[in-house]
Amino acid sequence: MHFLVTAGPTREPIDPVRFLSNRSSGKMGYALAEAALAAGHTVTLVSGPVALTAPEGLTFVPVETAQEMYDAVATRIHDAGVAIFCAAVADYRVASIAEEKIKKSADELTLRLVQNPDILGSARSVFGFGGLLVGFAAETNDLARHALDKLRRKKCDLIVANDVSRRDIAFDCDFNEVSLFFADGTREDLPFLTKHEIAAALIGRIVALAPQERQ
Ligand code: C5P
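Residues numbered from 1 in each chain as written. Predicted model: local features only at pLDDT ≥ 70, side-chain atom pairs only at ≥ 80, totals over all residues. Heavy atoms only, no water.

Student: Could you give me a rundown of the pattern of salt bridges, with the residues and numbers involved?
Tutor: Where charged atoms from two side chains of opposite charge approach closely, those side chains can pair. Summed over all chains, the structure comprises 9 salt bridges. Of the charged contacts, one joins K154 and D118 as a salt bridge, the two residues approaching to 2.7 Å between their closest N and O atoms. Of this pair, K154 sits in the loop between helix 4 (143-153) and strand 10 (158-163) while D118 sits in the loop between strand 8 (113-115) and helix 3 (119-125); the two residues are 36 residues apart in sequence, bridging distant segments of the chain. (Salt bridge = Lys/Arg side-chain N within 4 Å of Asp/Glu carboxyl O. Helix = DSSP H or I, 4+ residues; strand = E, 2+ residues; numbered from the N terminus.)

Student: How would you explain the layout of surface pockets if you had to name every residue and give the values?
Tutor: Each pocket or cavity is described by its volume, and for the largest pocket that value is around 940 Å³. Lining the largest pocket are 42 residues, and of these A87, A88, V89, F136 and A138 lie nearest its centre. Every element with two or more residues in the lining of the largest pocket is listed here: strand 1 (2-7), helix 1 (27-38), strand 8, helix 3, strand 9 (132-139) and helix 4. Class assignment for the residues of the lining of the largest pocket results in 21 nonpolar, 12 polar and 9 charged. (1 Å grid on protein atoms, 1.4 Å probe; cavity = no way out; pocket = protein on both sides within 12 Å on 5 of 7 lines; lining within 4 Å. Points joined across faces, edges and corners; volume = space filled by probe spheres on them. Nonpolar A, V, L, I, M, F, W, Y, C, P; charged D, E, K, R; others polar.)

Student: Give a description of the packing of helix 1 against helix 5 (residues 195-209) that names residues and reports values.
Tutor: One way to put it is that helix 1 packs onto helix 5 with a least axis distance of 8 Å and a crossing angle of 50°. Relative to helix 5, the element helix 1 lies oblique. The handedness of the crossing between helix 1 and helix 5 is right-handed. On the side of helix 1, the interface is formed by K27, M28, A31, L32, E34, A35 and A36, while helix 5 contributes K195, H196, I198, A199, A200, L202 and I203. (Axes fitted to C-alpha atoms, helices over the stretch in contact; angles between N-to-C directions. Parallel < 35°, antiparallel > 145°, perpendicular 65-115°, else oblique. Left-handed = near helix turned anticlockwise from the far one by under 90°. Contact = heavy atoms within 4.5 Å.)

Student: An account of the sheet that holds strand 9 is requested, with residue identities and associated values reported.
Tutor: Spatially, 8 strands are ordered 5-4-1-6-9-10-12-13 in an open sheet, and the strand pairing comes out mixed. A strand with exactly one partner marks an edge of an open sheet, and here the two such strands are strand 5 (59-62) and strand 13 (187-189). Between one strand axis and the next, the sheet turns by 15° as a mean value, whatever way the strands run. Across 5 bridges, the pairing between strand 10 and strand 12 (residues 178-182) is antiparallel. For I159, the partnering residue across the bridge sits in strand 12 and is F181. (Pairing = 2+ DSSP bridges.)

Student: Which residues make up the site of the ligand, and what are the values?
Tutor: As a matter of local geometry, the ligand sits amid 13 residues, with F85, A87, L120, F136 and K150 nearest to it. Measuring from an oxygen atom of the ligand, one finds a backbone N or O atom of F85 at 2.4 Å. Note that an oxygen atom of the ligand is positioned 2.6 Å from one of the backbone N or O atoms of A87. For the ligand, the protein covers 86% of the area, taking 450 Å² as the surface of the free molecule. Here the ligand occupies the largest pocket. Examining the composition of the shell around the ligand, we find that 3 residues originate from one element, strand 9, more than from any other. (Near = heavy atom within 4 Å. Polar contact = N/O pair within 3.5 Å; in protein donor to acceptor, adjacent residues only side chain to side chain. Areas by Shrake-Rupley, 256 points an atom, 1.4 Å probe, with all protein chains shown as cover. Sits in = over half its atoms within 2 Å of the grid points.)

Structure, rendered in structure tokens:
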């Protein structure tokens, strides 16, 4: 099967030298891409800027902004049978990027932000993707409620949810503890594991969901 995986943060420029971003390391997405490759699948990895080296043997599409990630996914998702959206996409970008470096002058500086496109939310409704759709949910409260809401609104087959209020898991570390929410209403809680172990478990669960002829 062909997997499309998004990974890492996006970078939203403020001026030629500054940007807005987040703490995503890309480790979970890269681990998923590696696990899919190791299981014999074809992989396209669309990645924001991270300090990791792209695994050999996949199609690597580096991007910076959410809009670039959106465009990269829009043009490639139709080749995939499975799309896993693991990237921590910035919800907002700066409304107008300064052409020159912003100088320090007034005591206060206001940046106006506008919403970025929701890539996962566009998969079914805009791109018309009919394959297996997997999203991630990073929540600080009411994990199950938010994950189930995302599952239904974005028409996913699976939401992988983690509690980002915990310092020992998720953002910028090698471990995670995730709960899986499936479209049929079932929930599975995986134990505290390395991101590589979680990735292998997830690829197994996802392949099991795929129709036989697509495997
Ligand atoms: O940020 P949030 O927790 O809502 O992200 C949920 C899911 O949506 C993740 O899988 C993320 O990769 C995806 N997402 C996206 N485009 C956005 C925001 C989030 O694909 N603009």
